[in-house]
Amino acid sequence: MGSVVPYFRQLFGKEKKKEEERHLRANDRPFNLSYRYANNAIKTSKYNIFTFLPLNLFEQFRRLANAYFLFLFCLQLIPQVSSLSWFTTAVPLILVLGITAVKDANDDINRHRTDKQVNNRRVDVLVDGQLRNEKWMNVQVGDIIKLENNQFVTADLLLLSSSEPLNLVYVETAELDGETNLKVKQALTVTGEMGDSIDKLATFKGEVRCEPPNNRLDKFKGTLTLDQQVSSLDNDKVLLRGCTLRNTEWCFGLVVFGGPDTKLMQNSGKTVFKRTSIDHLMNVLVLCIFGFLATMCTILAIGNAIWEVKEGSVFTAFLPRENGIDASLSSFLTFWSYVIVLNTVVPISLYVSVEIIRLGNSFYIDWDRKMYYPKSDTPAQARTTTLNEELGQIKYIFSDKTGTLTQNIMTFNRCSIKGKAYGDFCFLFSLQKTDKVDFSWNQLADPKFVFHDHSLLETVKDGNPEAQTFFRLLALCHTVMPEEKTEGELVYQAQSPDEGALVTAARNFGFVFRSRTPETITIMENGRKVVYELVAVLDFNNVRKRMSVIVRSPDGRITLFCKGADTIIYERLHPSCSKLMEVTTKHLNEYAGDGLRTLVLAYKDLDESYLGEWRQRHHEAVTSIEDREERLDEVYEEIEKDMMLLGATAVEDKLQDGVPQTIEQLAKADIKIWVLTGDKQETAENIGYSCNMLREEMKDIFIVAANTAEGVREELQVWMYFQTCLWGGFLIIPGSFHLQAFALEKNMQLELLRTACMCQTVICCRVTPLQKAQVVQLVKKYKQAVTLAIGDGANDVSMIKAAHIGVGISGQEGMQAVLSSDFSFAQFRYLQRLLLVHGRWSYLRMCKFLQYFFYKNFTFTFVHFWYAFFCGFSAQTVYDEWFITCYNLVYTALPVLGLSLFDQDVNDRWSSRHPQLYSPGQLNLYFNKKIFVRCMMHSCYSSLILFFIPWAAIHDTVRDDGKDIADYQSFALLAQTCLLVVVSIQLCLDTHYWTAVNQFFVWGSLAAYFAVTFTMYSNGMFFIFTSAFPFVGTARNSLNQPNMWLTIFLASLLCILPVVAFRFILIQLRPTINDKVRHKVRKEALPAPPPRRPPPRRISTRRSGYAFSHAQGYGDLVTSKGFLRPLKSRPALFIQKDSALAQNEPQHYRTISEEPEGSMSP
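Along each chain, the written sequence defines residue order, and numbers are assigned to residues from 1. Thresholds applied to this predicted model are a pLDDT of at least 70 for local features of residues and 80 or more for the giving and counting of side-chain atom pairs; totals over whole chains, interfaces and linings are not thresholded and use all residues. Calculation of side-chain values draws on the structure's entire complement of heavy atoms; hydrogens and water are dropped beforehand.

**Description of the overall build of the chain**
Condition: Secondary structure elements follow DSSP: runs of H or I of four or more residues count as helices, runs of E of two or more count as strands, with numbering from the N terminus. Exposed residues in this analysis have more than 50% of their type's maximum accessible area, buried residues have under 20%, and partly exposed residues fall in between, with area computed by a 1.4 Å probe over protein chains only. Note on areas: Shrake-Rupley, 1.4 Å probe, and residue coverage restricted to the protein chains presented here.
On a plain count of helices and strands, the chain comes out with 40 helices and 34 strands. Here the chain, with 1162 residues, has 58% of them falling under the buried criterion. In the structure as shown, the chain presents an accessible area of about 50200 Å², 58% of it carried by carbon and sulfur atoms.

Here it is, written out as structure tokens:
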């Protein structure tokens, strides 16, 4: 079929060649339409009003069981074959198809509604020289559109101009990567000169040639040709759909990619129909059952042929055969008749019940108040109803970092100044919290900043020179841009949240960064305005790992202030700082033990003459054409030496609440967690320690460091050999290149997987969205384990769709991951309850349901099989036809649903307290092929008892008054009553948790059976519908005899007693973890919720010296003459108010940086 569709597309002129390069011209729709680029409308729905019925039925009949029942229905339409009415199959089949179709239609209607809402958004489009307000769906490639502050970016745009200096714009990328920090984009100078002039923009005829649509969020390559001048385009010039314009009055952009071609939609990937491992097992079992059914029918057909030859001729005198019917044809027809009679081995009610059970367990997730996050009014949501039991079998979890494990909020927690430590992390966890420091004396203080150590403020107020120099450094050494919307209301646009946290700390302790020009920095020092001359900015990069500024104070003192990684700064300190360095190192180890991100601060006084000579050498390095970077590094190295140590800072990358405890519990459940992040190695490693994923006892750290595919292979092989001797350690894969080396080359995949699975922890850094999905698919393919991916941004969508289960984190961040997920909630900690409680219960209930369902139906069917040997293999049913119809739909439907919806071996607290209860699901111990065979054997034994005990008891039996009751109808009634009583008792034995609903279903079903039986076997029903109710009087004539009830009791006892004995012996000799915990539950009281305790402090020499941006700094930008406009009042641009969630949180900093090429946000 895959080749037919392209053929017809080509036949009707709709075949579209693969795009190799995009070529477009601004303000020229006819030219752009000739390439037939996609417009800006999106479509995530699967059906329309015309295709729904055929496509949905096609999808449903791809399920083997539905196709089987359709075939069975066709058989029942043949009078010579069918011994049952056609409606016994048609009604349940139509019911199943209808329920599934309604559910699919509802899901698709919601998708249509979402598509319509997005496509009907409005934006200003430049058409025929004037701005028109158009719907998003009408925007075309090559159109120029105008965006205003707080608007969503309509499509992937080439930025042309903006209201900000140097044509900068600030965008929030929460929908793409889950980060709420602002990113900076900058237009080309050649287009920025147009400004907001409609005339210039309308006559703009630039041509863009760029890469075809792809899913790489971090890269863009292209050129802009204008007046025969070619300009290079990169990712910094492009605004992606899904971003939100912030802190920018207006901007104009040229549409490059629209609708399905945008990087947001390209990352959404193709919707995959996910099926659980139990679904796959069911398909295999159904095929086995079909084979078993064919075998039984063949045996009975052969029996019929033999019987017809040997015994059938005797009956032809009064029951003649039809013309042309002989023994062989009779045997052939008997085969198909028994296919109909024995079809209950795969009853259609099984699939109806499975859907109801999954739906009910999905509601439990939606209704769970313990997974409701009140701060953002976000409940947990099961966005699919077909994967619940899969939650109880997870072996691997693939997690994003930013926004998933962390809040992307940095807080200044502790510091060390001249050997004295301030701030105490433990204050936050003590029972009696220390009062917050009161910063009300400082009118410019950030009200959201929280600090608990009062001694630091007193030290600063007392005029301690080291403390004042410490905060003066933090207020001066940075590239933060301030914006004062109203008097005293400062907003910092920081290169990273880390840098913003440090500047805000200085602000609250009296050193307020107010403004900057290319030559000066203005700060308020304890209420006094001080203007420093900015002599030079020695910018940060990944090699230097430090940043310095040289400033001249009003009194003429020249100082170099430096901050950076401890190992880098220590190498450049004056020898006199050795003792102070020992004390500071001790403090740094404590901070690292608490999972904080550290920086070391130092300074150096310079004299005028030396500075003049240095500036001359610096100027020569800056203006050099060859080896510019190397010469600059030499100049920087020259001045950044013999510095004086000032102290250290400790910033907390705030984790979401309960993340370490959740990871600890999941690890106890033998669930392996891999972190796939776009962050640098050091950041991810530090978070790993904070989350308890990495521990100090993990001495063996393996970092893939080779730069060639062959080198990576050798490192993996060496490490794997080493790990065979010493199990443990953790694997860190630091860069996108290394993932490309092993994830994309088939001959490397197994090497990676073997090594990674031998490690306790795996962290993949700097990975792209595609690589995240490849890692997930690698584990799925070779480990045959159930995987779960959890993330919060559009860059996690491909990973979420690739995993068996996709979980989206909702809340303040973007909703793109949630829209593509199977389950969603607001906090990572809810994952523990989703898996250890809801997932385990769902898996346990589904397995119990399947075991019991197969048992009761095989027992029901095997009685037919034994009866065939006593009815001449005539395909006569052993039960009344009405009992056959009602057995699965009425008499046994509700009790098994009660078991499957309410049963639990232990309650939620015990489930959380003993994560080991989760491991049987990972090993698929509750339902597998072995369990299925055991169910068949149990059913075979029960059916033998249920047939031969009633048969022997009623053979040649008479009533108390001497009348004969050894007839077919009495035997059928006795056999079906014994069957129903036995399967009801078996269900009671399988039930661990009784509720009023379970009791009502069990006793109600038995009562309904006897009520329906006496009604249908009454004289009145026989007189009204003589042919439909032939068992007239059978119930009252048989069930009033004591020997009938004795037979029922005896059959029940023989069926149930071996089961009870076997289970008792098994618990005594080989108790499972469930048996042990349930025994413990009976002896102990309900466990209390675990107390909130401070995390244990680890003493570590492993520190992250990256408490500021990992990207190339903006030193050149902030010293640019054209960067800053003259200070003047401007209207407030932030219309959006702080949410309730942020009221009690520290300052939420905004970034003006963009990750370097090749990096990815997590």
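So that's the structure; there's more coming.
**Overview of the UniProt feature "active site" (unreviewed entry) in the chain**
To be explicit about the condition: UniProt positions are given in the numbering used here, feature names are shortened, and annotations may be inferred rather than shown by experiment.
Annotation from UniProt places "active site" (unreviewed entry) at Asp 400. Assignment of secondary structure puts Asp 400 in the loop between strand S15 (394-399) and strand S16 (406-417).

**Let's talk about the confidence of the model for the chain**
In plain terms, the rule: For every residue, the predictor reports its confidence as pLDDT, a number between 0 and 100. By definition, residues are in contact when any of their heavy atoms lie within 4.5 Å.
Across the chain, the average pLDDT comes to 81, with 80% of residues at 70 or higher. Note that pLDDT drops below 50 for residues 1-15; the model gives that stretch 7 contacts with residues more than four away or on any other chain. Here residues 1104-1110 scores under 50 on pLDDT; set against residues more than four positions off or in separate chains, the count is 37 contacts.

**So, the packing of aromatic side chains**
For clarity, the cut-off: Within 6.5 Å between ring centres, the rings of Phe, Tyr and Trp (the latter by its six-membered ring) count as paired, and their orientation is classed by plane angle as stacked under 30 degrees, edge-to-face over 60, tilted in between. Placement of a charge over a ring requires the Lys NZ or Arg CZ to be within 6 Å of the ring centre, with the centre-to-atom vector within 35 degrees of the ring normal.
Applying the stated criterion across every chain, the model contains 55 aromatic pairs. The interplanar angle of 85° and the centroid separation of 5.3 Å between the aromatic rings of Phe 439 and Phe 509 together place this pair among those described as edge-to-face. Taken together, the residues span a long stretch of sequence, with Phe 439 in the loop between strand S17 (420-422) and helix H13 (454-461) and Phe 509 in the loop between helix H15 (497-508) and strand S20 (511-516) at a distance of 70 residues. In this structure, Phe 439 and Phe 509 share a single accessibility class: buried. The rings of Phe 860, Tyr 879, Phe 883, Tyr 887, Tyr 891, Tyr 1009, Phe 1010 and Trp 1045 are connected pair by pair, giving a single aromatic cluster. Across from the ring centre of Phe 31, 4.0 Å away, lies the NZ or CZ of Arg 25, which sits over that ring. Residue placement shows Arg 507 over the ring face of Tyr 492; its charged tip is 5.4 Å from the ring centre.

**Some thoughts on the environment of Pro 920**
Within the secondary structure, Pro 920 sits in helix H32 (residues 919-922). On the accessibility criterion, Pro 920 (6% relative accessible area) is buried. Contacts of Pro 920, omitting those with residues within four sequence positions, involve Tyr 843, Leu 925, Tyr 926, Ile 1073 and Asn 1074.

**Here we look at the pairing of strand S8 (residues 207-210)**
Worth spelling out the cut-off: At least two DSSP bridges between two strands are needed for those strands to be called paired.
Side chains Val 208 and Cys 210 of S8 all project onto a buried face; the interleaved residues Glu 207 and Arg 209 project onto a face where none is buried. Two strands pair when backbone bridges link them, and strand S1 (residues 22-25) and S8 are joined in this way by 4 bridges, in the antiparallel orientation. Within S8, the position partnered with Arg 22 by the bridge is Cys 210. Inspection of the sheet shows S8 paired to strand S9 (residues 222-226) by 4 bridges, in the antiparallel sense. In the sheet register, Glu 207 faces S9, and the bridge partner there is Thr 225.

**Brief notes about the side chain of Asp 143**
Threshold: Between N or O atoms, a polar contact is any pair within 3.5 Å; within protein, one atom must be a potential hydrogen donor and the other a potential acceptor, and residues adjacent in sequence are included only when both atoms are from side chains.
Tracing the backbone shows Asp 143 in the loop between strand S3 (130-135) and strand S4 (144-148). Among the polar contacts listed, one links the side chain of Asp 143 to the side chain of Arg 29, at a separation of 2.6 Å. Here the side chain of Asp 143 touches Gln 140 through a polar contact of 2.9 Å, landing on its backbone nitrogen.

**Points about the pattern of salt bridges**
Between side chains of opposite charge, pairing is possible as soon as their charged atoms come close. Note the following rule: A side-chain nitrogen of Lys or Arg and a carboxyl oxygen of Asp or Glu constitute a salt bridge if their distance falls within 4 Å.
Using the criterion set out here, one finds 39 salt bridges in the structure. Between Arg 29 and Asp 143 there is a salt bridge, with its nearest N and O atoms 2.6 Å apart. Remark: Asp 143 occurs in the loop between S3 and S4 and Arg 29 occurs in helix H2 (residues 29-33); sequence separation between them is 114 residues. Given a relative accessible area of 32%, Arg 29 falls into the partly exposed group.

**So, the sheet that holds strand S10 (residues 229-233)**
Note the following rule: Helix axes are fitted to C-alpha atoms over the stretch in contact, other axes to C-alpha atoms as well, and angles between N-to-C directions run from 0 to 180 degrees.
The strand order across the open sheet formed by 4 strands is S1-S8-S9-S10, and the pairing between neighbours is antiparallel. At either margin of the open sheet sits one strand with a lone partner, and together these are S1 and S10. Strand-to-strand twist of the sheet, defined as the mean angle between neighbouring strand axes without regard to direction, takes the value 20°. Where S9 meets S10, 5 bridges bridge the pair, whose relative direction is antiparallel. Bridge pairing in S10 places Leu 224 opposite Ser 231.

**Quick look at a nonpolar patch on the surface**
Definition in use: By definition, no residue in a patch forms a salt bridge, and every one has over 30% relative accessible area; like charges are joined within 9 Å, nonpolar side chains (Val, Leu, Ile, Met, Phe, Trp, Tyr) within 5 Å.
A cluster of nonpolar side chains, Ile 299, Phe 869, Phe 870, Leu 944, Phe 948 and Trp 951, forms an exposed patch at the surface whose accessible area comes to about 520 Å². Within the secondary structure, Phe 870 is located in the loop between helix H28 (830-868) and helix H29 (881-891).

**Regarding the side chain of Ser 331**
Mapped onto the elements, Ser 331 comes out in helix H11 (residues 327-341). On the basis of relative accessible area, Ser 331 is assigned to the buried category, the value being 13%.

**Concerning the sheet that holds strand S11 (residues 238-239)**
Paired through their backbone hydrogen bonds, the strands of a sheet run either parallel or antiparallel. The strand order S3-S2-S4-S13-S5-S11 describes an open sheet built from 6 strands, whose pairing is antiparallel. Of all strands in the sheet, those bounded by a partner on one side alone are S3 and S11. Examined bridge by bridge, strand S2 (residues 122-127) and S3 share 6 bridges and lie antiparallel to one another. Bridge pairing links Val 127 to Gln 130 in S3.

**Some thoughts on unusual backbone geometry**
Within the chain, Arg 36 stands out as a residue other than glycine whose phi angle is a positive 55°. Accessibility expressed as a relative area gives 48% for Arg 36, which makes it partly exposed. For Gln 784, which is not glycine, the phi dihedral falls at a positive 55°. Following the sequence through the fold, Gln 784 ends up in the loop between helix H25 (769-783) and strand S31 (786-791). With a relative accessible area of 66%, Gln 784 lands in the exposed category.

**Considerations on helix H30 (residues 893-902)**
For H30, a buried count of 8 out of 10 residues is recorded, marking the element as mostly surrounded by other parts of the structure. Contacts made by the buried residues of H30 are with helix H12 (349-367), H28, H29, helix H34 (968-990) and helix H35 (996-1016).

**Re a negative patch on the surface**
Using the following cut-off: Lys and Arg are tallied as positive, Asp and Glu as negative. Neither His nor the chain termini are counted. Each charge is placed at NZ for Lys, CZ for Arg, CG for Asp and CD for Glu.
On the surface, Glu 626, Asp 627, Glu 630 and Glu 634 cluster together into a negatively charged patch. Assignment of secondary structure puts Glu 626 in the loop between helix H18 (608-623) and helix H19 (628-639).

**Thoughts on the packing of H12 against H30**
Short version of the rule: Put simply, a crossing is left-handed when the front helix is turned counterclockwise from the back one by less than a right angle, and right-handed when it is turned clockwise. Charged means Asp, Glu, Lys or Arg here, nonpolar means Ala, Val, Leu, Ile, Met, Phe, Trp, Tyr, Cys or Pro, and polar covers whatever is left, Gly included.
Running from N to C, H12 and H30 cross one another at 35°; their axes reach a closest spacing of 9 Å. Our pair here, H12 against H30, has a crossing hand that is right-handed. Across from Ser 353, Ile 356, Ile 357, Gly 360, Asn 361 and Tyr 364 in H12, the residues of H30 making contact are Leu 897, Ser 900, Leu 901 and Phe 902. Residues belonging to the contact of H12 with H30 are distributed by class as follows: 6 nonpolar, 4 polar and no charged.

**Some details on the packing of H34 against H35**
Inclusion rule: By the definition adopted for this analysis, an angle is roughly parallel if under 35 degrees, roughly antiparallel if over 145, roughly perpendicular if from 65 to 115, and oblique otherwise.
Look at H34 against H35: their axes get within 10 Å of each other, and the N-to-C directions meet at 170°. Here H34 lies roughly antiparallel to H35, going by the angle between them. Each of Leu 973, Gln 976, Thr 977, Leu 980, Ser 984, Leu 987 and Cys 988 in H34 lies in contact with H35, whose residues at this interface are Val 1002, Leu 1006, Tyr 1009, Phe 1010 and Thr 1013. Split into classes, the residues belonging to the contact of H34 with H35 amount to 8 nonpolar, 4 polar and no charged.

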